[in-house]
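# Structural overview for review
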Amino acid sequence: DAKTTQPTSMDCAEGRAANLPCNHSTISGNEYVYWYRQIHSQGPQYIIHGLKNNETNEMASLIITEDRKSSTLILPHATLRDTAVYYCIVSNPRSYNTDKLIFGTGTRLQVFP
Amino acid sequence: DTGVSQDPRHKITKRGQNVTFRCDPISEHNRLYWYRQTLGQGPEFLTYFQNEAQLEKSRLLSDRFSAERPKGSFSTLEIQRTEQGDSAMYLCASSLENSNTEAFFGQGTRLTVV
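Right, let's walk through the structure included here. (Residues numbered from 1 in each chain as written. Chains lettered and ligands numbered in written order. Predicted model: local features only at pLDDT ≥ 70, side-chain atom pairs only at ≥ 80, totals over all residues. Heavy atoms only, no water.)

### Some remarks on the sheet that holds strand β7 (residues 70-75) of chain A
All names here are of chain A. Rules: In short, DSSP must find at least two bridges between two strands for them to pair. Strands are runs of DSSP state E lasting at least 2 residues, helices are runs of H or I lasting at least 4, and numbering of each runs from the N terminus.
Pairing is antiparallel across the open sheet formed by 4 strands, whose spatial order is β2-β7-β6-β5. Two strands lie at the open edges of the sheet, namely β2 (18-23) and β5 (55-56), each paired on one side alone. In terms of strand pairing, β2 meets β7 through 6 bridges, oriented antiparallel. Residue pairing in the sheet places C22 in a bridge with S71 of β7.

So this is what it looks like as structure tokens:
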């Protein structure tokens, strides 16, 4: 079973920031938080990941709470092409038996004009 | 390297037939994963290879399913005696061992059993 909880769906206006929350209260110390998204009929696409510090790349920012029990993915200026299902996953990439990605049902983000 | 590639992209087969899918991972990646995804659900883990060794199989992988990665490079997933319930998107992903970098997914093979 997925170790994360996400809202089923969210809406965001084009050009505004999209803030997608994720709860992972049972995360262990060596597990990372990963975010992937899946645009219709395509394979999942990596967005960002982090262990305990906030992270930023060209696609998004990841804010992880100090207790690591929750995180927020931020798309700073959402576009229509960001409409997708967003998955929050916890995984230990250095463990051969816990490194696989376990997907939940994700958050369906709809960006509207 | 153009990423993870899967072949075919689409497959329609009659119930009871056998099908085989191929996955070519990113060349230096030694970990390879197969997932299955049905409509409205997230991808479900099926099996995982590290080099040529199949290290884990999900309970979803019935005895009609078999996966191989003979030389630690490409992998095949075979479904024997297909059933309508096998209709799904089959996704392959690869990653690098002992790295905290991401897994890369292919575009998937969409199987329709009629």
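### What about the interface of chain B and chain A?
Keep this limit in mind: The contact definition used throughout considers only heavy atoms, calling two residues in contact when any of these lie within 4.5 Å. Buried area counts how much accessible surface, traced with a 1.4 Å probe, disappears from two parts once they are put together, with both parts' losses summed. Salt bridge, as used here: a side-chain nitrogen of Lys or Arg that lies within 4 Å of a carboxyl oxygen of Asp or Glu. Basically, the charged four are Asp, Glu, Lys and Arg, the nonpolar ten are Ala, Val, Leu, Ile, Met, Phe, Trp, Tyr, Cys and Pro, and anything else, Gly included, counts as polar.
Counting from both sides, the interface comprises 24 residues of chain B and, opposite them, 23 residues of chain A. Of the roughly 1,900 Å² buried between chain B and chain A on both sides combined, carbon and sulfur atoms contribute 50%. Joining chain B to chain A, the criterion identifies 1 salt bridge. Residues A:K100 and B:E56 are paired through a salt bridge, measuring 2.8 Å at the closest nitrogen-oxygen approach. Going through the elements one at a time, β4 (31-37), β5 (44-50), β6 (53-57) and β9 (88-95) of chain B are the ones with two or more residues in the side of chain B that touches chain A. If you tally residues by element for the side of chain B that touches chain A, the top one is β4(B), at 4 residues. Looking at side-chain class alone, the side of chain B that touches chain A contains 10 nonpolar, 10 polar and 4 charged residues.

### What about the nonpolar core?
Applied cut-off: Here, nonpolar core refers to any group of buried Ala, Val, Leu, Ile, Met, Phe, Trp, Tyr and Cys residues whose side-chain atoms link them within 4.5 Å. The buried label applies to any residue whose accessible area, calculated with a 1.4 Å probe on protein chains only, is under 20% of its type's maximum; exposed applies above 50%, and partly exposed to all values in between.
Core analysis: the biggest nonpolar cluster contains 21 residues, and A:W35, A:L73, A:Y86 and A:L109 have the highest contact counts within it. Looking at this core, the elements that each hand over two or more residues are β2, β3 (32-38), β4 (45-50), β6 (61-64), β7, β8 (84-91) and β9 (107-112) of chain A. Ranked by residues supplied to this core, first place goes to β8(A) with 4 residues. Listed in part, the 19 residues of the second largest apolar core include B:F21, B:C23, B:F65 and B:V113.

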